[in-house]
Amino acid sequence: MAAKYGEEIEYNGKKYYTFPSMETLRTASIEDLRALGLGFRDKRIYETTKMFLDGEVTLDELKNEQNTNFLREKLMELSGVGGKVADCILLFSLRRFEVFPVDVWVRRVMNELYIKEDDETKVSKEVLQTLAKEKYKELAGLAQQYLFYQRRSK
């Protein structure tokens, strides 16, 4: 998608492509996106781009919202965005460092370090997020990155 719709840049003799703007993606149909091999994401990208371009949601609205829980719900109104993706957007794009996205790797490392349940899949996301808030406070999301890296590097 970046090679087709982004801008080419060169760094250290290598070519890279920027992520395309919403304005550039305006010209892409679902079929155009599908041809890039995006799989089930093609329709989601198309629909979300349309929502932004039609003004149903704006970047300023997202950046300026103070209530993280409200913002999470707003993000989950975007096509294909569930809880984990919303948490990742909050952490990585909107700088909500208190947000603690949970995936299988984070669940494993949190269980190994703190909970010690024989079957980590029995540990709920809510338990992990509460524990992260207690241990890491307003920087839980940054801690999550270190935990993720530590577990994936084993």
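This is a predicted model, so every value here is computed, not measured.

K.L.:
Looking at this structure, how should I read the layout of surface pockets?
P.N.:
Any empty space left between the atoms is revealed when a probe the size of a water molecule rolls over them. Space inside the largest pocket adds up to approximately 770 Å³. Residue lining of the largest pocket: 27 residues in total, with Thr-48, Phe-52, Leu-78, Val-81 and Ile-89 positioned closest to the centre. Counting only elements with at least two residues in the lining of the largest pocket, the list comes to helix H2 (22-25), helix H4 (41-53), helix H5 (59-64) and helix H7 (83-93). Broken down by element, the lining of the largest pocket gets its largest block of residues, six residues, from H4.

K.L.:
What's the story with the side chain of Lys-74 in this structure? I'm lost.
P.N.:
Note that Lys-74 resides in helix H6 (residues 68-75). Judged by its relative accessible area of 17%, Lys-74 is buried. When near neighbours in sequence (up to four residues on either side) are disregarded, Lys-74 contacts Glu-56, Val-57, Glu-61 and Leu-62.

K.L.:
I tried to follow helix H9 (residues 125-136) on my own but got confused; where do I start?
P.N.:
Residues spaced three or four apart along an α-helix point in a common direction, a consequence of the helix completing one turn every 3.6 residues. Relative to the 16 Å expected for twelve residues at 1.5 Å per residue, H9 spans 16 Å between its end C-alpha atoms, a close match to the ideal helical length. Those residues of H9 lying buried are Leu-128, Leu-131 and Ala-132. Considered in projection along H9, the buried side chains sweep an arc of 105° and stay on one side of the axis. Exposed residues pointing more than 90 degrees away from the buried face of H9 are listed as Glu-126, Lys-133 and Glu-134. Elements that come into contact with the buried residues of H9 comprise helix H8 (104-115) and helix H10 (140-152). One or two positions beyond H9, positive phi appears at Lys-137, with a value near 55°.

About the cut-offs
- Residues numbered from 1 in each chain as written.
- Predicted model: local features only at pLDDT ≥ 70, side-chain atom pairs only at ≥ 80, totals over all residues.
- Heavy atoms only, no water.
- 1 Å grid on protein atoms, 1.4 Å probe; cavity = no way out; pocket = protein on both sides within 12 Å on 5 of 7 lines; lining within 4 Å.
- Points joined across faces, edges and corners; volume = space filled by probe spheres on them.
- Helix = DSSP H or I, 4+ residues; strand = E, 2+ residues; numbered from the N terminus.
- Buried < 20%, exposed > 50% of the residue type's maximum accessible area, 1.4 Å probe, protein only.
- Contact = heavy atoms within 4.5 Å.
- Expected span 1.5 Å × (residues − 1).
- Arc of directions from axis to C-beta.

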